[in-house]
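Spelled out, the chains give:
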Amino acid sequence: MTTEARHPHLLKLVDPPIIVGHRCISCERIAFPPDPYGCEKCGSPADNFENWDLEARGSVRAVATVHRHHRPAPITPFTVAVIELVGGPVVKAIVEGDDVVVGSSVEGFLAPEDKDDAGKVIVDLRFRIIQ
Amino acid sequence: MTAPSFLSTRPVFVVGIGLHRYQRRSDQTYVSLGLTAVREALTDAGVHWTDVDAAYTGTALLGMGASRIMLSRLGATGIPMTQVENASASGSSSVAQACLEVASGRSDVVVALGVDKPRGGLGAAPGEAGIPNLEAGSIVPFTHFALLASEYMNLHAVTDEQVAKVAVKNHRNGSQNPFAQRQKVRTLDEVLAEPISGSLTRLQCCPVGEGAAAVIIASEDGIDRLGIDRSRAMQVVSSATKTEALYAEGVGIDAALTAETGTAAFEEAGLEPSDLDVLEVHDAFAIEELLYAEALGLCKPGEAATRVESGDFDIGGSCAFSPSGGLLAMGHPIGPTGVGQIAEVVRQLRGEAGSRQQPNARVGMAHMVGIGAVCVVHILRKP
């Protein structure tokens, strides 16, 4: 059975998963998501970027449970959080568990989201409290 | 030293205002909505369509070429017409362009109009930029603001009830406004019912319907030549537009951008936050009034919720926030919203706001933010 990330160039499917950002070689800014165009700090084009691995670990800055959603997925209720990664950038992602509050230490894990026609499992990054 | 404002070189005034009530999507065409607002603005100013030198139409949803098919029904005079799109601030930017055109000396009388009808989605370009993100699809605008609410409420120990009181106030203001989409007084319990996302409930989220708003911008030459009533002409003393700069990781962009744009507007006008009597703020979601009250310097960080509770931001308080009902109650039909704010500020400065009149209003601000992110702020003063 093969597995693929919903956004393949944002994640490395290892255990624990790695989030892929970019680092600008000119100004050393580390950013997520990795950008295909250019640096918001110094204006360098994206060919001046290198991929930058970010640990999927951080602390929760904000959290909200969504009761109504304008799209078919995710199915409500689900909970999203703003997470300050230990490596600097801030990401927003779905969190699992009712115990996540502002200040919680969380870690990323790969959750199966879907299966395509060939049986390939599509996974996405979610976060949960570090036990 | 900041450069002298272009608005002080050749002063500009709002001389006419007109609206079509904001409402749920109906069968009424945008042409009919827009013409209602422009005809009312012309009548209010006491000028004829043939006196108008140019028109700007703020619209984000109608598609290309909206202006002429509408405005030519006032007479196909052949004047320059331009659509202005700047997300939620489209109407604000049409006012900014009209002010710039009059201040430049090219025109004496310009119409700034906002008109829109809701479609299936917003069709926002950033989603098409080819920059995938982890949260794609799970965070729509109300959840973006629910997350900001979570962070703010945790930082300042503010409760759900305190945030909801913003909506209670703005629904009360909207109940006095015949142009508001929502015209019902709501209790705290009603506002706290029907959760949408995080602490935000249905009545703490703005309705996106349809409508139109128009203002007529004129120079002193135009006012004199056309014999416009000077006592009802309110001066635009600043027009500031900024886009999101690079802020520290995790800083709320909406508040940081508002702080920068507000500072630029106050500097241009030579005024202080404490000078404001009326503030029409981008309260698409209740939490935003608290964030922007602090970002614009109306109170210290963490103080806004207690200021709302004390009645300080009520009509009759030190500064009336969103006396029109704001986006929460008057509504947010996108293109019209920023123009409607200017109409409300002018009505307040003229002392013509009836039961929702802020006493002795002399200085007012209109503030919009939009996807992108953009922020547009105007300050008006009673001469």
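What you are looking at is a predicted structure, and each value in this text was computed from that prediction instead of being measured.

1. What about the overall build of chain A?
Then step 1. The number of helices and strands found in chain A is zero helices and ten strands.
Then step 2. Each helix (α) and strand (β) of chain A, taken in turn from the N terminus, gives the series β-β-β-β-β-β-β-β-β-β.
Then step 3. Expressed along its principal axes, the backbone C-alpha trace of chain A runs to roughly 40 × 40 × 30 Å.
Then step 4. Residues classed as buried in chain A amount to 31% of the 131 residues present.
Then step 5. Long-range contacts, defined here as pairs at least 24 residues apart, represent 48% of the contacts in chain A between residues at least 6 apart.

2. Focus: the nonpolar core
Nonpolar side chains in soluble globular proteins tend to be buried together.
Residues and elements named next belong to chain B.
Then step 1. Core analysis: the biggest nonpolar cluster contains 157 residues, and Val-14 and Val-215 have the highest contact counts within it.
Then step 2. Composition of this core by domain shows at least three residues from each of domain 1 (6–119 + 208–234) and domain 2 (138–193 + 237–381).
Then step 3. Excluding its chain neighbours within four sequence positions, the residues that come into contact with Val-14 are Val-215, Ile-217, Ala-233, Met-234, Val-236, Ile-342, Val-346 and Leu-380.

3. Topic: the sheet that holds strand β2 (residues 54–58) of chain B
All names here are of chain B.
Then step 1. If you walk across this open sheet you meet the ten strands as β3-β2-β4-β7-β1-β8-β12-β11-β9-β10, and the pairing is mixed. Where the open sheet ends on each side, the last strands, each with one partner, are β3 (81–84) and β10 (320–321).
Then step 2. The pairing of strand β9 (residues 278–280) with β10 spans two bridges and is parallel. When the bridges of β10 are listed, Val-278 appears paired with Ala-320.
Then step 3. Contacts from helix α4 (residues 90–103) reach β1 (12–23), β2, β3, β4 (109–116), β7 (210–219), β8 (234–243), β11 (363–370) and β12 (374–381), with the element oriented near 170 degrees to β4.

4. Considering unusual backbone geometry
Then step 1. For the peptide bond that leads from Phe-32 of chain A to Pro-33 of chain A, omega is 0 degrees, which places it in the cis range.
Then step 2. Looking at the secondary structure, you find Pro-33 of chain A in the loop between β4 (30–31) and β5 (49–55).
Then step 3. Across the junction of Gly-372 of chain B and Ala-373 of chain B, the peptide omega takes the value 5 degrees, indicating a cis bond.
Then step 4. Inspection of the secondary structure puts Ala-373 of chain B in the loop between β11 and β12.
Then step 5. The phi dihedral of Glu-28 of chain A falls on the positive side, at around 70 degrees, and the residue is not glycine.
Then step 6. Note on Glu-28 of chain A: 9 C-beta atoms within 10 Å, which makes it exposed.

5. A short note on helix α2 (residues 30–45) of chain B
Residues and elements named next belong to chain B.
Then step 1. Across its 16 residues, α2 extends 23 Å between first and last C-alpha, which sits within 8% of the 22 Å expected from 1.5 Å per residue.
Then step 2. For α2, every residue scored as buried is listed here: Tyr-30, Leu-33, Gly-34, Leu-35, Ala-37, Val-38, Ala-41, Leu-42, Asp-44 and Ala-45.
Then step 3. In this structure, the buried residues of α2 make contact with β1, α3 (67–71), β4 and β7.
Then step 4. Directly beyond the C-terminal end of α2, a positive phi value near 75 degrees is found at Gly-46.

6. Points about the interface of chain B and chain A
Accessible area lost upon the coming together of the parts is a frequently used measure of interface size.
Then step 1. Between chain B and chain A, the residue contacts involve 24 residues of the former and 33 residues of the latter.
Then step 2. Of all the secondary-structure elements, those providing two or more residues to the side of chain B that touches chain A are α5 (141–156) and β5 (195–197) of chain B.
Then step 3. Its residues assigned to classes, the side of chain B that touches chain A shows eleven nonpolar, ten polar and three charged.

7. What about the pairing of β1 of chain B?
For a regular strand, side chains alternate in direction, first toward one face of the sheet and then toward the other.
All names here are of chain B.
Then step 1. Of all twelve residues in β1, ten are buried, a share of seventy percent or more.
Then step 2. As paired elements, β1 and β8 share three bridges and run antiparallel to each other. The residue bridging Phe-13 from the neighbouring strand is Gln-235, located in β8.
Then step 3. Here nine bridges tie β1 to β7, and the two strands are oriented antiparallel to one another. The residue of β7 that forms the bridge with Val-14 is Ile-217.

8. Points about the domain arrangement of chain B
Residue and element names in this part refer to chain B.
Then step 1. Taken domain by domain, chain B consists of domain 1 (6–119 + 208–234) and domain 2 (138–193 + 237–381).
Then step 2. Distance from the C-alpha centre of domain 1 to the C-alpha centre of domain 2: 23 Å.
Then step 3. Taken together, the contact between domain 1 and domain 2 spans 38 residues of the former and 35 residues of the latter.
Then step 4. For the side of domain 1 that touches domain 2, the secondary-structure elements that each account for two or more residues are β1, α4, β4 and β7.
Then step 5. Looking at which element gives the most residues to the side of domain 1 that touches domain 2, the answer is α4, with eight residues.
Then step 6. Residues that form the side of domain 1 that touches domain 2 fall into these classes: 21 nonpolar, 13 polar and four charged.

9. Some thoughts on the pairing of β2 of chain B
All names here are of chain B.
Then step 1. The buried count for β2 comes to five of five residues, which makes it a mostly enclosed element.
Then step 2. On β2, burial covers both faces: Ala-54, Tyr-56 and Gly-58 on one face and Ala-55 and Thr-57 on the other are all buried.
Then step 3. Sheet analysis places β2 next to β3, joined by four bridges and oriented parallel. When the sheet's bridge partners are listed, Ala-55 is paired in β3 with Met-81.

10. Focus on the packing of α4 of chain B against helix α13 (residues 335–350) of chain B
Residues and elements named next belong to chain B.
Then step 1. Packing of α4 against α13 brings their axes to within 5 Å, and their N-to-C directions diverge by 55 degrees. It follows from the interaxial angle that α4 and α13 lie oblique. Counting all contacts with α4, which are made through Ser-90, Gly-91, Ser-92, Ser-94 and Val-95, the residues of α13 involved are Gly-335, Pro-336, Thr-337, Gly-338, Val-339 and Ile-342.
Then step 2. Counted by class, the contact of α4 with α13 contains four nonpolar, seven polar and no charged residues.

11. What to know about the environment of Ile-129 of chain A
Residue and element names in this part refer to chain A.
Then step 1. By the secondary structure assignment, Ile-129 is in strand β10 (residues 121–129).
Then step 2. C-beta crowding within 10 Å serves as the criterion here: with 16 such atoms nearby, Ile-129 is assigned to the partly exposed category.
Then step 3. Excluding anything up to four places from it in sequence, Ile-129 contacts Gly-97, Asp-99, Val-100, Ser-104 and Val-106.

Thresholds, definitions, all that
- Residues numbered from 1 in each chain as written.
- Chains lettered and ligands numbered in written order.
- Predicted model: local features only at pLDDT ≥ 70, side-chain atom pairs only at ≥ 80, totals over all residues.
- Helix = DSSP H or I, 4+ residues; strand = E, 2+ residues; numbered from the N terminus.
- Buried ≥ 20, exposed ≤ 12 C-beta atoms within 10 Å, placed from the backbone.
- Contact = placed C-beta atoms within 7 Å.
- Core = buried A, V, L, I, M, F, W, Y, C linked by C-beta atoms within 7 Å.
- Domains from an automatic or database assignment.
- Pairing = 2+ DSSP bridges.
- Axes fitted to C-alpha atoms, helices over the stretch in contact; angles between N-to-C directions.
- Expected span 1.5 Å × (residues − 1).
- Nonpolar A, V, L, I, M, F, W, Y, C, P; charged D, E, K, R; others polar.
- Parallel < 35°, antiparallel > 145°, perpendicular 65-115°, else oblique.

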